[in-house]
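# Structural features, examined
Listed here are the chains, written in short residue letters.
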Amino acid sequence: MLKTKFCKLNLNNPTRLASGIMGVNAGQLIRVAKEGAGAVTMKSIGPKERKGHKNPAVIEWNHGLLNAVGLPTPGYKNTEEEFEELKALKKIRVPLIASIYGSKASEFLEVAEYVAGKNPDAIELDISCPHTEWGGTQFACDPEISHKIVSGVKDVAGKIPIIAKLTPAATSPIAVGVACEEAGADAICAANTMPGMIIDVDARKPILAFKKGGMSGPALKPINMKIVYELYGKVKVPIIGEGGITNGKDALEYVMAGATLCGIGSAVYKHGSGVFKKTTKEMEQWLKQNGYSKLSQVRGIAHE
Ligand SMILES: Cc1cc2nc3c(=O)[nH]c(=O)nc-3n(C[C@H](O)[C@H](O)[C@H](O)COP(=O)(O)O)c2cc1C
């Protein structure tokens with residue numbers, strides 16, 4: 001009932017572990033796959049080893065998380081072992097999505113070339129991280145720059161599908177999504193975290209060490225939902241709905257808006273990896289109770 005085709009990949013269900021929640025650690029990613037995620041995404045890999053920002057780097061607030069982990073990465077040259085171990089995912093038939101970033105277009109290409117050599121099932125481009133010194137969100141705020149990065153990576157990635165990850169902070173995420181598709185993106189993720197800040201009144205300063213961060217979790221859902229809804233029909237490639245999914249109804253909402261996959265991040269952080277089984281079970285129950293036999297019957301239905 002929930003089996004899903006995404007960029008020629010066959011998934012047992014439409015959920016995917018969002019990037020950055022389980023690092024690049026093979027053991028953790030394999031565990032999440034075994035616990036029911038339809039696909040798993042590695043934390044974004046960058047060109048050089050990087051420690052990320054000081055603590056506090058992740059805080060929980062009333063409606064989700066605010067993080068400025070600052071893209072810590074071992075650097076692509078130090079991911080050999082993880083990719084080797086992650087081959088185990090092939091046996092349990094859970095696709096591996098690698099995620100990459102750079103501080104400029106040429107770095108994206110450098111990392112993409114290496115990562116493509118490791119043959120993941122797809123590569124996601126984090127052109128939308130809101131807490132880097134180089135203002136990472138800016139890539140996905142600009143259709144031209146996004147086009148340049150996607151088309152460059154597409155050239156070096158060969159047959160591996162490319163996913164462009166949008167930012168809700170763009171004036172027109174739809175224009176950026178369309179530009180990414182034109183540049184050769186095989187799927188669009190809508191979307192990354194929303195830039196934000198929380199101030200500790202007693203300390204009289206921002207709580208995060210990096211001051212600003214990316215807001216995720218329940219408060220993000222209506223924002224990213226609108227992007228998925230507006231993107232549907234404007235692009236032909238599949239869309240990943242991501243932001244604030246914690247249960248089956250949240251995921252179904254994204255599917256009804258037009259999403260093919262449903263990314264789950266903060267809910268795994270908060271509730272553990274059992275959230276995948278819970279979400280898919282609730283999706284199935286709702287579909288059955290409402291007389292549907294396949295998830296595809298409700299995809300985009302909110303547009304009718
Ligand atoms: C602690 C943390 C780290 C993250 N790291 C990355 C990352 O490395 N690359 C990326 O593309 N997105 C990263 N994200 C964004 C998530 O992948 C996801 O797009 C976002 O949190 C929205 O989904 P959610 O509301 O389910 O968490 C991170 C999010 C969190 C909370």
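Keep in mind it's a predicted model, so treat the numbers as computed, not measured.

### Concerning the UniProt feature "binding site: FMN" (unreviewed entry) in the protein
- Sequence positions flagged by UniProt for "binding site: FMN" (unreviewed entry) are, in local numbering, Ser-19, Lys-43, Ser-44, Lys-165, Gly-217, Gly-243, Gly-244, Gly-265 and Ser-266.
- Exposure remark for Lys-43: the relative accessible area of 12% places this residue in the buried category.
- If near-sequence neighbours (up to four positions away) are discounted, Lys-43 is found in contact with Ser-19, Gly-20, Gly-23, Val-24, Val-69, Leu-71, Pro-72 and Ser-99.
- If you trace the backbone, Gly-243 turns up in the loop between strand 15 (239–242) and helix 8 (248–257).
- When neighbours within four sequence positions are excluded, Gly-243 is seen to be in contact with Gly-217, Leu-220, Lys-221, Asn-224, Tyr-254 and Gly-263.

### Topic: the side chain of Glu-107
- Take Glu-107: it is sitting in helix 4 (residues 105–117).
- There is no salt bridge for the buried Glu-107, and the closest opposite charge comes from Lys-104, which lies 4.5 Å off by N-O distance.
- Excluding residues within four positions of it along the chain, Glu-107 makes contact with Pro-47 and Gly-102.

### Thoughts on unusual backbone geometry
- Put simply, Asn-55 and Pro-56 share a cis peptide bond, and its omega is -5°.
- By secondary structure assignment, the location of Pro-56 is in the loop between strand 4 (39–41) and strand 5 (58–61).
- In the segment running from Ala-190 into Ala-191, the intervening peptide bond is cis, with an omega of 10°.
- Position of Ala-191 relative to the elements: it lies in the loop between strand 10 (187–190) and strand 11 (194–197).
- For Leu-71, which is not glycine, the phi dihedral falls at a positive 50°.

### Brief notes about the UniProt feature "binding site: substrate" (unreviewed entry) in the protein
- In this structure's numbering, the residues bearing the UniProt feature "binding site: substrate" (unreviewed entry) are Lys-43, Asn-67, Ala-68, Val-69, Gly-70, Leu-71, Asn-192 and Thr-193. Separation in sequence by 151 residues is not matched in space for these annotated residues, since their most distant C-alpha atoms are only 14.2 Å apart.
- Within the secondary structure, Gly-70 is located in the loop between strand 6 (64–67) and helix 2 (80–85).
- Using a relative accessible area of 0% as the deciding quantity, one classes Gly-70 as buried.
- The contacts of Thr-193, once residues within four sequence positions are left out, are Asn-67, Pro-130, Thr-167, Pro-168, Gly-214, Met-215, Ser-216 and Leu-220.
- A distance of 3.3 Å separates polar atoms of two side chains, one belonging to Thr-193 and the other to Asn-192.

### Details of the packing of helix 6 (residues 173–182) against helix 7 (residues 221–231)
- At a minimum axis distance of 10 Å, the contact between helix 6 and helix 7 shows a crossing angle of 50°. The orientation of helix 6 with respect to helix 7, classified from their angle, is oblique. Note that helix 6 runs across helix 7; the crossing there is right-handed. Residue-level contacts link Pro-173, Ile-174 and Gly-177 of helix 6 to Ile-227, Glu-230 and Leu-231 of helix 7.
- Of the residues contributing to the contact of helix 6 with helix 7, the split by class is four nonpolar, one polar and one charged.

Conventions we followed
- Residues numbered from 1 in each chain as written.
- Predicted model: local features only at pLDDT ≥ 70, side-chain atom pairs only at ≥ 80, totals over all residues.
- Heavy atoms only, no water.
- UniProt positions renumbered as here; feature names shortened; annotations may be inferred.
- Buried < 20%, exposed > 50% of the residue type's maximum accessible area, 1.4 Å probe, protein only.
- Contact = heavy atoms within 4.5 Å.
- Helix = DSSP H or I, 4+ residues; strand = E, 2+ residues; numbered from the N terminus.
- Lys, Arg positive; Asp, Glu negative; His and termini not counted.
- Salt bridge = Lys/Arg side-chain N within 4 Å of Asp/Glu carboxyl O.
- Polar contact = N/O pair within 3.5 Å; in protein donor to acceptor, adjacent residues only side chain to side chain.
- Axes fitted to C-alpha atoms, helices over the stretch in contact; angles between N-to-C directions.
- Parallel < 35°, antiparallel > 145°, perpendicular 65-115°, else oblique.
- Left-handed = near helix turned anticlockwise from the far one by under 90°.
- Nonpolar A, V, L, I, M, F, W, Y, C, P; charged D, E, K, R; others polar.

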